[in-house]
Amino acid sequence: MEKISRCELKSNSNSKPMEGSFGKVIKVNFDGKTYAYKFFKNPEYFAHIKEKIILMADTVNIPGINLPTYLVGNNGYLTPWAGESSIASCMKKPATAKRELKNLSKVIKALGKINLLHGDIRIPNIAYCPNSNPCSTIIDFDNASYKGFEFCHDFAAIDAHIYIKKFGIETLDTYMFNIVTFCILNNIFPKELKSKITSEDFGVFTQPKAKTLCKNFYTKPHHQFLIDTYK
């Protein structure tokens, strides 16, 4: 994985930096192509994940994920630009949402086959660009678990923390993706999920298998993708 200097990047003046928990993401141009430059506030954190980032970039080749392609200095990396929209753009577009979610479930299954756990599959971490192929890509593998590099519980989302305590980490990605699926197809925000599930208001999930999965959403481990129950 090649290392380049920050001074080789040209910032895109039409795009505002996106703030994250650990740093900023800036749209830049390099070598005639557009990239997302992730700049970490804490160089020590980047040093902690750097080897894992390099290993994934060098060994994982699965369509539908967006991994870094260049290291930038000592505290950042470049990934191919995946657009400024998330999978939330597919809300109120049921046919498009179904297609994209079906494709993404296959990507997550492929990750599982090589024992790569993303650990943070949420709506903001699924980029959507209708002019790309594939249109949807999973981004931000900073806290992934892969080949001896373990998932860090300290950086997990609250939903992930609760699930791991009950059922372990093995099916975490399926659970997190089922949250995304329920919200996208029912056009709701994740904060509304719990009230919908507890009141058994499952929206578009009317098939018997879908209802069973939804009824057990918080009480049993997720071995099945919700999108596979959706007709």
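A brief report on the enclosed structure follows.

## Quick word on the sheet that holds strand β9 (residues 126-128)
Next up, step 1: Spatial ordering of the open sheet is given by β8-β9-β10, a layout of 3 strands whose pairing is antiparallel. Strands at the two margins of the open sheet, each flanked by one partner only, are β8 (85-86) and β10 (136-138).
Next up, step 2: Across 2 bridges, the pairing between β8 and β9 is antiparallel. Paired with Ser 85 across the bridge in β9 is Tyr 128.
Next up, step 3: Contacting β9 and β10, helix α2 (residues 94-113) crosses the sheet at an angle of about 35° to β10.

## Some remarks on the pairing of strand β4 (residues 23-30)
Next up, step 1: Relative to β4, strand β2 (residues 10-11) is paired through 2 bridges, and the arrangement is antiparallel. Bridge pairing in β4 links Lys 10 to Asn 29.
Next up, step 2: In sequence, strand β3 (residues 18-19) turns back onto β4 through a hairpin of 3 residues.
Next up, step 3: Relative to strand β5 (residues 33-40), β4 runs antiparallel, the two sharing 8 bridges. Across the sheet, the residue bridging to Ile 26 is Tyr 37, located in β5.
Next up, step 4: The hairpin turn running from β4 into β5, its antiparallel successor, is 2 residues long, and Asp 31 in that turn takes a positive phi close to 55°.

## Details of the packing of aromatic side chains
Next up, step 1: Enumeration over the complete set of coordinates arrives at 18 aromatic pairs.
Next up, step 2: Relative to Phe 167, the ring of Tyr 163 has its centre 5.1 Å away and its plane inclined at 55°; by these criteria the two rings are tilted. In this pair, Tyr 163 and Phe 167 are both assigned in helix α3 (residues 158-167), 4 residues apart and thus about one turn of the helix distant.
Next up, step 3: The buried category is assigned to Tyr 163, whose relative accessible area is 2%.
Next up, step 4: In this structure an aromatic cluster arises from ring pairing among Phe 22, Phe 40, Tyr 45, Phe 46, Tyr 77 and Phe 155.

What counts and what doesn't
Residues numbered from 1 in each chain as written. Predicted model: local features only at pLDDT ≥ 70, side-chain atom pairs only at ≥ 80, totals over all residues. Heavy atoms only, no water. Pairing = 2+ DSSP bridges. Helix = DSSP H or I, 4+ residues; strand = E, 2+ residues; numbered from the N terminus. Contact = heavy atoms within 4.5 Å. Axes fitted to C-alpha atoms, helices over the stretch in contact; angles between N-to-C directions. Phe/Tyr/Trp six-rings, centres within 6.5 Å; stacked < 30°, edge-to-face > 60°. Buried < 20%, exposed > 50% of the residue type's maximum accessible area, 1.4 Å probe, protein only.

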